[in-house]
Amino acid sequence: MMRSLYSGVAGLKIHQTKMDVIGNNIANVNTVGFKSSSVNFSDTFYQTISPATGPNSTTNTAGTNAKQIGLGGLVASITTNITENGGTTTTNRALDVAINGESFLVVNVNGEQLFTKSGALNVDPSGNLYCTTNNGIVQGWMADDDGNIVKDIATDLKIMTAKQTSAAPTATTAATLLGNIDPNDKQLTPTLDANGNITGGGVPVTFSFYDKLGELYTVKLMITKNPSDPNATTTSSVVPYTARVADVYNSEGESIFVKKTEQADGSVKYSSSGAQISFGNKGAKFGIDTSLNDADSGIVNGVNENTGEFTMKSSTIPLLFNSQSGNFSAVDATVGADGSITANRSNQQYAGNCVNFAIYQGEDAEHVGNDSTFPQYDATNDNGGIEVDFSSLTQFSKGGTSEVTYKRGDKDGKNAGNYAGTMTGISVDEEGKIYGKYSNGETRCLAQICVATFSNPSGLEAEGESLFRASLNSGLFDGIGEEVSKSGSITVGALEMSNVDLASEFTNMITTQRGFQANSRIITTSDTMLEELVNLKR
């Protein structure tokens, strides 16, 4: 009789435990990253009244089964349904991430690496990426200065340090000219001096570039017909033109070749800054023709001291087009007697397609032409400076008007340079890479979120605040982590919600209530039977 009482008590306890689990599941139905749990029961040990016996041929009796009375039930396991993903809810926040798959975010909580499915992330005042659900600092790998992820031991992701919140300026080392030179354009006719050197005329073509400090400069080129063949009627397979540098302007629109000096009477005098440039011709330097002097006209060392006008030394580069197709043939190249074209450059990467441009220090130490801010040409390796690509130009007839534009950088947009910028935003891609966006249009990879996977994720121990701890039965974290792409993906601008199924929980609640009610009846019925037994004495 007493056994049934204790069995009833055991039944009440396990059903109360199950109800506690159900209550916790329903309470967290809207908790980000929550994983529901379920309870399994098992019967407990038995009291054997008589053991089982086998058949006896001597006495001709059959075998009997054991007579055992169970002593109730117990909680066999409380299992976390950790492998089933919850529903995804859209937040449109750039730092909210939902992990699709069985992997977990790794977070540092008080020096200990724990794991979570909550991807509600933000940045703290120290620049750390952290999980707002539990204040754990997200773990991963940092990028080097070139934006390459360095995979090593998982560490705190610091993505808004003083260095990362600004983008240093980078010098332009490539420019690409685009468009068409119309052979009927009257501007192509050059003006020549007595020696046959080009002194004026031409179609103006400009391109801009940034120096190492992020200051913008503009180079003005002039393209003309070849003075030796002004009508461009060469009998060879190519049509020759020439390209020359006419001026270089700083960000204020002033020429780098002259400097202004304010006089005592308030007037301004101009003089040569001493700046020099090279434009092809294997890095040969040139600048203002300082041999020109005319006191009557106010010209001193090639510069009109009253107007700032100056005369550059003549330095032209051959520009060749195919005479039949009108397509580009070569630049900075020589045409042989047999019509063959030979590039003048030794660097085969650029030979025939690009002309190198560079600026060198002038006599004025404070002038903008100081070479410490400009990429310099290396004559030994035939590289450096700014590579100006002419290969996208064409020579088609279009109504007598030439149209030439440019873009900074090479044909792939690389080496365009940029001015200094400040961080304007942060984003995460589906691979967990974190990018900083800057006011100068630059996007830089800062870090990558790592994830952890376990051979038995159900063996993780819940710590509260949507955190889990690795256990001996789940498998241990290797300290490095892995890319999320190996086990799933990341959905940006969304969160993984709880995987609680309310329909199942309400159903379990009903059956648990009935089970609890039935076990309570065991106790009341057993109590009634004991009462009847006591009343036998009357």
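Our structure's up above, just so we're on the same page.
Caption draft 1: Up close: unusual backbone geometry. Here the phi dihedral of Asn 301 falls at roughly 55°; this positive angle occurs in a residue that is not glycine. Mapped onto the secondary structure, Asn 301 falls in the loop between β24 (299–300) and β25 (303–304). Its relative accessible area of 37% is what places Asn 301 among the partly exposed residues. Of note in this structure, Ser 466 is not a glycine but carries a positive phi near 60°. For Ser 466, the position within the fold is in the loop between β40 (461–464) and β41 (467–469).

Caption draft 2: How the structure looks around the sheet that holds strand β27 (residues 328–331). On the basis of which strands lie adjacent, the open sheet formed by five strands has the order β17-β18-β19-β26-β27 and antiparallel pairing. Both edges of this open sheet fall to β17 (203–210) and β27, since each of them pairs with a single strand only. Across the sheet, the mean angle from the axis of one strand to that of its neighbour is 30°, orientation sign disregarded. The pairing of β17 with strand β18 (residues 216–225) spans eight bridges and is antiparallel. By the bridge assignment for β18, Val 203 is matched with Ile 223.

Caption draft 3: Looking closely at the side chain of Ser 208. Secondary-structure assignment places Ser 208 in strand β17. At 2.6 Å, the side chain of Ser 208 and the side chain of Tyr 406 are in polar contact. Among the polar contacts listed, one links the side chain of Ser 208 to the side chain of Arg 408, at a separation of 2.6 Å. Setting aside anything within four residues of it in sequence, one finds Ser 208 in contact with Leu 216, Tyr 217, Thr 218, Tyr 406 and Arg 408.

Caption draft 4: The state of the cysteines, seen in detail. In total, this model carries zero disulfides according to the counting rule given. With no disulfide partner, Cys 131 has as its closest neighbouring cysteine sulfur the one in Cys 450, 14 Å distant.

Caption draft 5: Focus on the environment of Val 500. By secondary structure assignment, the location of Val 500 is in the loop between β43 (494–496) and α2 (502–534). On the basis of relative accessible area, Val 500 is assigned to the buried category, the value being 12%. When the C-alpha positions of Val 500 and Gly 86 are compared, they lie 7.6 Å apart, and in sequence the two are 414 residues distant. The residues touching Val 500, leaving out its near neighbours within four places in the chain, are Asn 25, Asn 28, Val 29, Phe 34, Ser 36 and Glu 505.

Caption draft 6: Structural detail: the packing of aromatic side chains. Under the counting rule described, the total for this entry stands at 13 aromatic pairs. For the ring pair Phe 104 and Phe 468, a centre distance of 6.0 Å and an interplane angle of 65° mean the geometry is edge-to-face. Of this pair, Phe 104 sits in strand β7 (residues 104–109) while Phe 468 is found in strand β41, placing the two residues 364 residues apart along the sequence. Ring geometry for Phe 207 and Phe 357: centres 6.1 Å apart, planes at 90°, overall edge-to-face.

Conventions used here
Residues numbered from 1 in each chain as written. Predicted model: local features only at pLDDT ≥ 70, side-chain atom pairs only at ≥ 80, totals over all residues. Heavy atoms only, no water. Helix = DSSP H or I, 4+ residues; strand = E, 2+ residues; numbered from the N terminus. Buried < 20%, exposed > 50% of the residue type's maximum accessible area, 1.4 Å probe, protein only. Pairing = 2+ DSSP bridges. Axes fitted to C-alpha atoms, helices over the stretch in contact; angles between N-to-C directions. Polar contact = N/O pair within 3.5 Å; in protein donor to acceptor, adjacent residues only side chain to side chain. Contact = heavy atoms within 4.5 Å. Disulfide = S-S within 2.5 Å. Phe/Tyr/Trp six-rings, centres within 6.5 Å; stacked < 30°, edge-to-face > 60°.

These figures come from the coordinates and say nothing about function on their own.
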